[in-house]
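# Tertiary structure, described
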Amino acid sequence: MRKIWKRTIILVMILVVLFAAGSIIAINMKPEPPVLEIEQARQALALARTVKADTYAKETFAQAQLLYDSAMAFWNRENEKFFLKRDFTAVAQTSALSAQISERAIEESNRSMNDLETSITTKIKKLNQLVDEVKVLSRFPLPQRISDKMAKGRLALSEGEAAYDGELLIQANMKLTEAESNLKAAHSDAYKLINNYFNSYNSWKSWKEKTIRNSRNGNSTAILVDKFAGKCYLYKNGSVTHEFDAELGKNWIGDKRQKGDKVTPEGLYKITDKKEGARTKYHRALLINYPNDEDKKRFAAEIKNGTLPKKSKIGNLIEIHGHGGKGTDWTDGCVALTNKDMDKLYKLVQNGTPVTIIGSSITLDEILKSQK
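Below is a summary of the structure that appears in this document. Just so it is clear, the model here is predicted, and its values are computed rather than measured. (Residues numbered from 1 in each chain as written. Predicted model: local features only at pLDDT ≥ 70, side-chain atom pairs only at ≥ 80, totals over all residues. Heavy atoms only, no water.)

### Description of the layout of surface pockets
Reported here for the largest pocket is a volume of approximately 430 Å³. N316, L317, I318, D332 and C334 are, among the 20 residues lining the largest pocket, the residues nearest its centre. Here the lining of the largest pocket is composed, by residue class, of five nonpolar, seven polar and eight charged. (1 Å grid on protein atoms, 1.4 Å probe; cavity = no way out; pocket = protein on both sides within 12 Å on 5 of 7 lines; lining within 4 Å. Points joined across faces, edges and corners; volume = space filled by probe spheres on them. Nonpolar A, V, L, I, M, F, W, Y, C, P; charged D, E, K, R; others polar.)

### Quick look at the side chain of K256
Among the secondary structure elements, K256 is positioned in the loop between β3 (239–245) and β4 (267–276). On the accessibility criterion, K256 (5% relative accessible area) is buried. Within polar-contact distance, the side chain of K256 engages the backbone oxygen of Q258 at 3.5 Å. Within the structure, K256 has its side chain in polar contact with the side chain of D261 (distance 2.8 Å). When neighbours within four sequence positions are excluded, K256 is seen to be in contact with D261, K262, V263, T264, P265, Y290, R298, I318 and D332. (Helix = DSSP H or I, 4+ residues; strand = E, 2+ residues; numbered from the N terminus. Buried < 20%, exposed > 50% of the residue type's maximum accessible area, 1.4 Å probe, protein only. Polar contact = N/O pair within 3.5 Å; in protein donor to acceptor, adjacent residues only side chain to side chain. Contact = heavy atoms within 4.5 Å.)

### Considering the nonpolar core
Counting 67 residues, the largest nonpolar core has F140, I223, L286, I320, L337 and L345 as its most contacted members. In terms of residues, this core owes the most to one element, helix α5 (residues 89–137), which gives ten residues. Ignoring anything within four residues of it in the chain, the contact list for L286 reads I223, I271, D273, K274, I318, E319, I320, M342, L345, Y346 and V349. Membership of the second largest hydrophobic core comes to 18 residues, among which are I38, A48, V91 and I106. (Core = buried A, V, L, I, M, F, W, Y, C linked by side-chain atoms within 4.5 Å.)

### Quick word on the environment of M150
Inspection of the secondary structure assignment puts M150 in helix α6 (residues 144–165). Note on M150: relative accessible area 3%, which makes it buried. Sequence separation between M150 and K296 is 146 residues, and the spatial gap between their C-alpha atoms is 36 Å. Those residues in contact with M150 that sit more than four places away from it in its chain are V134, S138, L142, L183, A186 and A190.

What is shown is where atoms sit, not what they do.
What follows is the structure, given as structure tokens:
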């Protein structure tokens, strides 16, 4: 009986030793998860997000994110298995690849941001130069559609600059693209309109020279109105003796075509009446002979060829008068001076004094160059 008991004890001890040895072997054989690789992948992805790779290197960042998510999925799947059957090879490889692509995304993002920042700063500089050119053209009364484009362009430029200052490069670029579209369209449309207007420059130059020449040769007085300059000049014996600020018709660009267009006419005229007191509501006034024969011929031709409606009227009562000084062009086609200036001019002229109205004394190129 004792022999049997001893054998049993020995057998149990052997089994315990074998079990312990097997457990030790099994524990040593247990696959270890690639914690280091996973942490490296997580940190690389976080760094990529910090440098905004999710915005400036979207595709590459998305690929790195997908690989990291796949690594986590592989890990969870292996953890559900019996520990001796687990295989973390795919987890390690996918994590390492995610970290590698995150680094690529970081490089792409930094490069994209640098390129975009350079592009934005260049665009802001060019657009501000364009705004300066547009400001020059804004001296001319432009159609509402052009003015609206200019306003939208300036607003978008301002918003783009604010977004850039806030390091919101994507938003800044979008706003600047919007500004560029509106400002370029406004500039192009305005330049075409004004350039067409300046086709009359040679006529203006000729009228001005004739007026000065006649004043010099006749030792006489003459008035010259320069619409672009917004000036009214008084000549005596061919030289300027007085210069006044002048306000014009609300839509002064171009030559007056019909009644109600609010355009100040252009051409060679003369004073036909001097008004003051109850005879005028504008302090004092100098009536000119608009429409003259040239105006009447042009108006008749436009009615005939259909460029003006048959019911159109040619208009009249164009004056140089007082009540100016408003700081804007506001009349229905007349030339307005301050009352003080009107008093001076009124005393120095008489019926028959020539009045020449031109679009500009200088060319459009000279106007644009003077603003650079």
